[in-house]
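Structure at a glance
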Amino acid sequence: MVDPTLAEMGKNLNEAMKMLEDNQRYVQRITTTKTIAVCAKGRIINVDMVSILQLVQNLMHGEEEEETSQAYRLQNVGEQGHMALLGHSLAAYISVLDRERLRKLTTRILSDTTLWLCRLFRYENGSAYYHEDDREGLLKICRLVIHTRYEDYTIEGFNVLYTKQPVIYISSAARTGLGQALCNQLGLPLSCMCRVPCNTMFGSQHQMDVALLDRVIKDDVESGKLPLLLVANAGTPGAGHTDKLGRLKELCEQYNMWLHVEGVNLATLALGYVSSSVLAATKCDSMTLTLGSWLGLPAVPAVTLYRHEDPSLSLAAGLTSSQPVEKLRALPLWLSLQYLGHDGIVERIKHASQLVSNSLLAHCLWILCFFEYGRNKVQIATTVQAISRWRSRSVCFFNCALSLQLGEQLAQLVPASGVDVVELEDEGTCVRFSPLMTSAVLGTEIQDVDQLVDCLKMKIPVLTSTLQLREEFEQEVRRTVGLLYIEDLSWPGLGVVRYNYHSDGKNDDKQEKELEKINTELLKKLNELESDLTFSLGPEFGGQKNCVYIGMVTEDLDVSELVETIAATGREIEENSRLLENMTEVVRKGIQEAQLQLQKANEERLLEEGLLRQIPVVGSVLNWFSPFQASPKGRTFNLTAGSLESTESTYVSKAQGTGTTPPPTPTSSLAKQRLPGQKIFKRSLRSSDAFSETSSVSHCDDLEKVDQRPPALFPGQEQGPLETEKAEEQKEVAQATKTDTEDIQSDKLPRDCTKVEEQEGQR
């Protein structure tokens, strides 16, 4: 028989989860939510469960989803996730039981969960502390070690630490801010935290340097300090490397130090085969397990397993509690472990390990490993063996901007892969694939890994070509007049260029406006070209102003043609801008000059006609008896030349003159004929064109030789009358051809053509 309250709780939880996981947004739900929000201002009102869940769903999705077409998809927690969520509801329900029943129940839950985890992860005779923050377990361990090493700490407090300063050692590859967080929570100065560098000469660059650590500990002991605790990694947060735990354990035993281990590789302890480097973690004094991400369980606590013989010190450090309610933290994990079972837990961890050990991915990830030394120098290194050693994650080292671009694109194309971007101290921005941390949560399958490999094969050649053509693009821009190369390391594309505006003594504000206008128009013109390149104004924040940003390119890009086209287009825009700018002033001056010339022409006409012709009646009679013949004199304004011209030629030829020929539009000097379907800025196969031209010329020469060759005769054969007649005809044709050629060379034909043209002109 099941308790009706528990059955109702499970039913309500299933209904609530179905409602919250529904991504469709109905108008009725939005209207109800807005009504609730309006009524709830200022006072608490009574609302039913359905309305409350609708409000929660609206807050989860956010208002921005209404503006976008893509619906936000929540993680599908599955049935095992429902068990974890049910644990939180049961914890609240169990907390109202009487004290004795609550004590028995919590003791059973805590002991079962601790026993299962110790057996599962090969940690014998261990105790467990369950905590929400994954750093809280290490904090409690530090307090436990302080209580253990300083016997009078409970009585004298921090005064006992003053005489002998404690030292906590962490790796430089540890989580960012871990040391400072520990010092803040423990009330210790930052001088108590020692960051141990990683290997620089031998071994992995992400492993703690054991020899250097030994020397540092000796120096601290000689200076009167107390080595307290060492934090090692079984899978660094960035690159997933495991420290040499065996040697570190020997060093800790030598100096009576506590060894704490954390990292994602601890999950492999549940597998049948475990590497020796990770297996050494079972001998450490404590370890922190993050089962939520490893098994895809939401809202389950992290667990810190430790070994200590004094329960009173554990209680003083906060690792154990006498309050039964605090022991209920293990309830969600207790339910989830039973639901999955031992085989289910091992299968999930094994599946994640096999994803990164896939041969396809291991052979493809080495293409990602790019190291940039100095300026635009690229070296490609293969790291297949290193990726196989890391097992739980793989990192590709690349130019920071390109790595960020690659990581964002892969995350969008294959969201189930869990690819993200991390910052490493030495390598910079890196793309990380860590299935042990994400596969159980996102449900990553082998098909997602294959899709990730296909995306890498598609993206990597473009990134490589872009990085290799950067130097050539910079050199072309720097030696091109009118262009300025802008160095923007945050841009992952080919480069950034700006067209320089030649100012004529203008102030800075006007010059800035003209520069913005020209480069904006230049960007518009470039985007109108039929090319595969992307031109933009750059990133929304942090980009350079008045520049043209060029995106990713392929290896067949003609950089010189691209730069020349940008320069020619910029010059054309600048000349058009200057013409429009000066048009008003030129027209105004032309009108003034025309008025002066017309006034002068009127005065000259008065002098020619005489005074009598200006009298109204007398002038009409005089003009009737003796008409005055005057040629019309007008003026026309040539916008191209910017000058006034006489209209006499117009009246003589009875046609409007064209005036001065406008200057040609500047175009690229590298303009060339393209094959059908070939886009601009693409290199063509020049060798094939040269071969075809050479073949055509040689073929024509052969034909000429054949025409000049006499008819072939067999040995001993004589020419008959017919052959003699044909030979004479060929001689006449050859003589006529020779005569025509001489006429052409002696310019007879052009003179005849000139005579014909003169005769036609006279007619």
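In what follows, the structure referred to is the one given above.
Rules used throughout
- Residues numbered from 1 in each chain as written.
- Predicted model: local features only at pLDDT ≥ 70, side-chain atom pairs only at ≥ 80, totals over all residues.
- Heavy atoms only, no water.
- Phe/Tyr/Trp six-rings, centres within 6.5 Å; stacked < 30°, edge-to-face > 60°.
- Helix = DSSP H or I, 4+ residues; strand = E, 2+ residues; numbered from the N terminus.
- Buried < 20%, exposed > 50% of the residue type's maximum accessible area, 1.4 Å probe, protein only.
- Lys NZ or Arg CZ within 6 Å of the ring centre and 35° of its normal.
- Axes fitted to C-alpha atoms, helices over the stretch in contact; angles between N-to-C directions.
- Parallel < 35°, antiparallel > 145°, perpendicular 65-115°, else oblique.
- Left-handed = near helix turned anticlockwise from the far one by under 90°.
- Contact = heavy atoms within 4.5 Å.
- Nonpolar A, V, L, I, M, F, W, Y, C, P; charged D, E, K, R; others polar.
- Pairing = 2+ DSSP bridges.
- Expected span 1.5 Å × (residues − 1).
- Salt bridge = Lys/Arg side-chain N within 4 Å of Asp/Glu carboxyl O.

1. Quick look at the packing of aromatic side chains
In this description, a pair of aromatic rings is defined by centroid distance and the angle of the planes. Applying the stated criterion across every chain yields a total of 4 aromatic pairs. For the pair F121 and W294, a centre-to-centre distance of 6.1 Å together with 55 degrees between the ring planes defines the contact as tilted. On the criterion of sequence distance, the pair formed by F121 in the loop between α5 (99-120) and β1 (127-131) and W294 in helix α13 (residues 291-295) is long-range, its members being 173 residues apart. Note on Y153 and F158: the rings are 5.9 Å apart at their centroids and 80 degrees apart in plane angle, and the pair reads as edge-to-face. On the basis of relative accessibility, which here comes to 44%, the residue F158 falls in the partly exposed class. R307 extends its terminal NZ or CZ atom over the ring of Y123, reaching a point 3.7 Å from the ring centre.

2. What about the packing of helix α15 (residues 331-356) against helix α19 (residues 435-442)?
Remark: α15 packs on α19, axes separated minimally by 9 Å, with the N-to-C direction vectors making an angle of 120 degrees. Taken as axis vectors, α15 and α19 run oblique relative to one another. Crossing geometry of α15 relative to α19 is assigned as right-handed. Contacts from R348, I349, A352, S353, L355 and V356 of α15 reach α19 at P435, L436, S439 and A440. The residue inventory of the contact of α15 with α19, partitioned by class, reads 7 nonpolar, 2 polar and 1 charged.

3. Observations concerning unusual backbone geometry
Even without being glycine, R122 reaches a positive phi, approximately 60 degrees. In this fold, R122 is placed in the loop between α5 and β1. The residue N125 is not glycine, and still its phi comes out positive at about 55 degrees. On the secondary structure map, N125 appears in the loop between α5 and β1. Note on N125: relative accessible area 74%, which makes it exposed.

4. Regarding the sheet that holds strand β14 (residues 495-499)
The antiparallel open sheet is built from 4 strands, whose spatial order is β13-β14-β16-β15. Bordering the open sheet on either side are β13 (483-486) and β15 (535-536), each of which pairs with just one other strand. Bridging between β15 and strand β16 (residues 548-550) involves 2 bridges; their strand directions are antiparallel. Bridge pairing in β16 places F535 opposite I550. Helix-sheet contacts for helix α20 (residues 446-478) involve β13, β14 and β16, and the interaxial angle to β13 is about 145 degrees.

5. Some details on α5
With 22 residues, α5 extends 31 Å between its outermost C-alpha atoms, agreeing within 8% with the 32 Å of an ideal straight helix rising 1.5 Å per residue. If you check which residues of α5 are buried, you get L102, T106, I109, D112, T113, T114, L117, C118 and L120. Positive backbone phi, at 60 degrees, marks R122, one or two positions downstream of α5.

6. Some points on the sheet that holds strand β3 (residues 193-196)
Here 7 strands make up an open sheet; going across it, the order is β1-β7-β6-β5-β4-β2-β3 and the pairing mixed. On the outer flanks of this sheet lie β1 and β3, each paired with one strand and no other. Averaged over all neighbouring strand pairs, the angle between strand axes comes to 20 degrees, with direction disregarded. Here strand β4 (residues 226-233) runs beside strand β5 (residues 258-262); their pairing, made up of 5 bridges, is parallel.

7. Topic: the pairing of strand β11 (residues 420-424)
Here β11 runs beside strand β12 (residues 428-433); their pairing, made up of 5 bridges, is antiparallel. Paired with L424 across the bridge in β12 is G428. If you look at the hairpin formed by β11 and β12, you'll find 3 residues sitting between the two strands.

8. Notes on the pattern of salt bridges
With the rule as written, the count across this model stands at 13 salt bridges. With its nearest N and O atoms 3.6 Å apart, the salt bridge here joins K682 to D532. Highlighted residues: K682 in the loop between α24 (648-653) and α25 (686-708) and D532 in the loop between α21 (508-528) and β15, separated in sequence by 150 residues. A relative accessible area of 14% means that K682 is categorised as buried. With relative accessibility at 44%, the residue D532 sits in the partly exposed group. Beyond isolated ion pairs, a larger network of salt bridges with shared partners links D134, R175 and E262.

9. What about helix α6 (residues 136-149)?
Given 3.6 residues per helical turn, the α-helix brings residues three or four places apart onto the same face. Spanning 14 residues, α6 covers 20 Å between terminal C-alpha atoms, matching the ideal 20 Å at 1.5 Å per step. Inspection of α6 places G137, L138, L139, K140, I141, C142, L144, V145, I146 and H147 among the buried residues, and these make up the whole buried set.

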